[in-house]
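Understanding the architecture of this molecule
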Amino acid sequence: MNDLFRWDYVFDHLDEIQASTLEHLKLTLLAVGVGLLISFPLALLAHRVRWTYGPITWVTGVMFTIPSLALFAFLVPFTGLTVLTAEIGLVSYTLLILIRNIVSALDAVPADVRESAVGMGLSPGQVMWRVQVPLALPVILGGVRIATVTTIGLVTVTAVIGQGGVGTYILSGLRSLVPTFTILGAALAIILAVTMDRLLVLVEKLVTPWARSRSARTA
Amino acid sequence: MSDPMISLDGVTKRFASGSNAVEDLSLDVPKGETVVLVGPSGCGKTTTMKLINRLVEPTTGTITVNGVDILRQDPVELRRSIGYVIQSIGLMPHRTVEQNIGMVPRLMGWPGSKIADRVRELSEMFELDATLLKRYPSELSGGQRQRVGVARALAADPPVMLMDEPFGAVDPIVRERLQDQFLALKAELAKTIVFVTHDIDEAIKMADRIAILNTGARVEQYAPPLEILRDPANDFVRDFVGAERGLKRLALSIVGDIDVEKGPVVSRTASVAEAEAEMDRSGFDWVSVVTDGELAGWVDRDALKGVSTVGDAKARPFSAYVTAEDSLRQALDSIVTSRTNVAVVVSEGQRYRGILTLEGLSKGLSS
Ligand SMILES: Nc1ncnc2c1ncn2[C@@H]1O[C@H](COP(=O)(O)OP(=O)(O)O)[C@@H](O)[C@H]1O
Ligand SMILES: [Mg+2]
């Protein structure tokens, strides 16, 4: 047998592999979830009060460009080798992607649809929640998908502060130079990313039946 | 004018970016009437309409709807009492046809069963097939979408309708059908309607009164269509109404509005001599043959050769008739295409009423 990839290791450690995959998923979903909670109000603000869009994307853009290793190195003295440290980093990387997507999704709602909604007597809140947000949903979910896939990749980096999910295997591979670990970690991260991507495409289709019927018609 | 439903008094709207879109506009829309605002593109029609449902707030002036100053009303409440249709319709793409039509009733908290009944009623009224109700707007044709838009605006039975070029985006044939359908409904519904178009023919067809607007929504003439066609107030109106003013008037009046001439007519029991006397009297070379009041056709001198009574001759049918409900334009068409330049007027059951000639038509118009 070649020792590039040792399947026996995998079969002997299925429980451990499952646990680290779930941890990876949890770190990812938490980051995207918190990222959405922060992005949504900021995006609404940027959509309504246009001049705030520049400063908001500037700040989140700067956060996006900070090298992740540097960010963790900077945070650890304050927040330790904790989930909190990992999440601060992960969340801040989702913000730019999510805010940009939500704002452009809200902007893309056709003006005549908005006008007829207001003209029919929907209150500003009803226009937002019954018209703008549902219509923006496909694009918003597209942003969530990109943010999720990006975050799954980034979680492999948070392994360096002990919050790595499947990244822990990659780190072990790096330290021990045993290829099985590296390949296992990378493969799990890829499988997770592809699965989440497909899953979110499915969710997108489920919550936007009107878009499906349109594409069905033009197909 | 007693009791206008909508009243604009000295209304001006200045947009931050430019000159006055609407300048010192005063206009009363009587209850139950359809007022059509017509004028060139950019003259302020849409702005005027949006002032009424507060999508645009006036810079100065007062607007009342049903006697209440709209600036003292909650805009959301005001808008729910006014049906609103725009050219691009603006149906909710993420809602089915059914949900689109039921939108305002749902906002107003109607119970589900009442909404369902109302949606059914409106879809029948607008000939929207039941299978369409579950579809999304993107799956409809332009004409269907347009009808859904109007049905949606009518859903909560608002006393006032604002319609901004509602039939502008469909092809001429569909447009004409929608217009006819809406005219029939309008007669039933007794709504006060403000209708915007840039098409004078549509204005003439739909309006009880037309307001011809110039730049800044300046009213050049405000009068019923016939009056505008008969007496254009100035050159702007004359130009806008365009050539064929006379023809347009013909389209607005019906045969029943004017007197018909008796025409050459005999009963089938009449003798040939009587028939010929009738031709001589009337100056035509043919006579209509009537049996018990019913029109059988016509005969000429040739057909009467060798018979003793008119009934023995073979009466030939007229190629076309007009009835009292037909427009004078149709009558004119019938006159100029007939061999003898006469339109034969009948009523129900082919009962003979008389004839219309060019001379009679123009006399009828000038009276
Ligand atoms: N929101 C707006 N901001 C600035 N100018 C506007 C706005 N809406 C309309 N206008 C201007 O007001 C004038 C009247 O426009 P509008 O009422 O839309 O005309 P119409 O419907 O008769 O074509 C035009 O010159 C138009 O450019
Ligand atoms: Mg307009």
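Structural data are supplied above this passage.
These figures come from a predicted structure and were not determined experimentally. (Residues numbered from 1 in each chain as written. Chains lettered and ligands numbered in written order. Predicted model: local features only at pLDDT ≥ 70, side-chain atom pairs only at ≥ 80, totals over all residues. Heavy atoms only, no water.)

A few words on the overall build of chain A. When helices and strands are counted, chain A shows 10 helices and zero strands. Relative to all contacts within chain A whose residues are 6 or more apart in sequence, the contacts with residues 24 or more apart total 75%. Mean positive and mean negative side-chain charge positions of chain A (14 and 12 charges, respectively) differ by 13 Å. (Helix = DSSP H or I, 4+ residues; strand = E, 2+ residues; numbered from the N terminus. Contact = heavy atoms within 4.5 Å. Lys, Arg positive; Asp, Glu negative; His and termini not counted. Charge placed at Lys NZ, Arg CZ, Asp CG, Glu CD.)

Attention now goes to the pattern of salt bridges. All names here are of chain B. Overall, the coordinates contain 24 salt bridges over all chains when judged by the stated rule. The partner of D69 in a salt bridge is R72, and the shortest N-O contact between them spans 3.7 Å. Overall, the relative accessible area of 19% leaves D69 in the buried class. On the basis of relative accessible area, R72 is assigned to the exposed category, the value being 72%. For K248, the salt bridge goes to D201, with nearest N and O atoms at 3.9 Å. Residue K248 is found in helix α11 (residues 245-252), and its partner D201 is found in helix α8 (residues 200-206); the two are separated by 47 residues along the sequence. (Salt bridge = Lys/Arg side-chain N within 4 Å of Asp/Glu carboxyl O. Buried < 20%, exposed > 50% of the residue type's maximum accessible area, 1.4 Å probe, protein only.)

A word on the packing of aromatic side chains. One pass over the structure, following the stated rule, counts 12 aromatic pairs over all chains. A ring pair is formed by F5(A) and W7(A), whose centres lie 4.9 Å apart and whose planes are at 80°; its orientation type is edge-to-face. Accessibility expressed as a relative area gives 17% for F5(A), which makes it buried. Grouped by ring-pair contacts, the aromatic residues F284(B), W286(B), F318(B) and Y321(B) constitute a single cluster. One cation-aromatic arrangement involves K114(B) over W110(B); the distance from NZ or CZ to the ring centre is 4.1 Å. We note R209(B) situated over the ring of Y222(B); from NZ or CZ to the ring centre the distance is 5.4 Å. (Phe/Tyr/Trp six-rings, centres within 6.5 Å; stacked < 30°, edge-to-face > 60°. Lys NZ or Arg CZ within 6 Å of the ring centre and 35° of its normal.)

Residues and elements named next belong to chain B. Judged by how many residues are buried, strand β12 (residues 286-291) sits mostly within the fold: five of six residues are covered. In terms of strand pairing, strand β11 (residues 265-267) meets β12 through three bridges, oriented parallel. Residue pairing in the sheet places V265 in a bridge with S288 of β12. Tracing the backbone out of β11, into helix α12 (residues 272-282) and back to the parallel element β12 gives a crossover that is right-handed. (Pairing = 2+ DSSP bridges. Right-handed = clockwise from strand over helix to strand, strands pointing away.)

The subject of this paragraph is the sheet that holds strand β4 (residues 60-65) of chain B. Residues and elements named next belong to chain B. Across the sheet, four strands lie side by side as β2-β1-β4-β5; this open sheet has antiparallel pairing. Edge positions in the sheet fall to β2 (20-30) and β5 (68-69), since each of these pairs with one other strand and no more. Pairing between strand β1 (residues 4-14) and β4: five bridges, direction antiparallel. Residue T12 lies in a different strand from β4, and its bridge partner there is T60. Packing of helix α1 (residues 45-52) onto the sheet brings it into contact with β1, β2 and β4, and relative to β1 it is tilted by some 120°. (Axes fitted to C-alpha atoms, helices over the stretch in contact; angles between N-to-C directions.)

This part takes up the sheet that holds strand β6 (residues 82-86) of chain B. All names here are of chain B. On the basis of which strands lie adjacent, the open sheet formed by six strands has the order β6-β7-β8-β3-β9-β10 and mixed pairing. For this open sheet the edge positions go to β6 and β10 (218-223), each flanked by a neighbour on one side alone. When the angles between neighbouring strand axes are averaged without regard to direction, this sheet yields 15°. Note that strand β3 (residues 34-38) and strand β9 (residues 209-214) share four bridges and pair parallel. In the strand pairing of β9, V38 is matched with I212.

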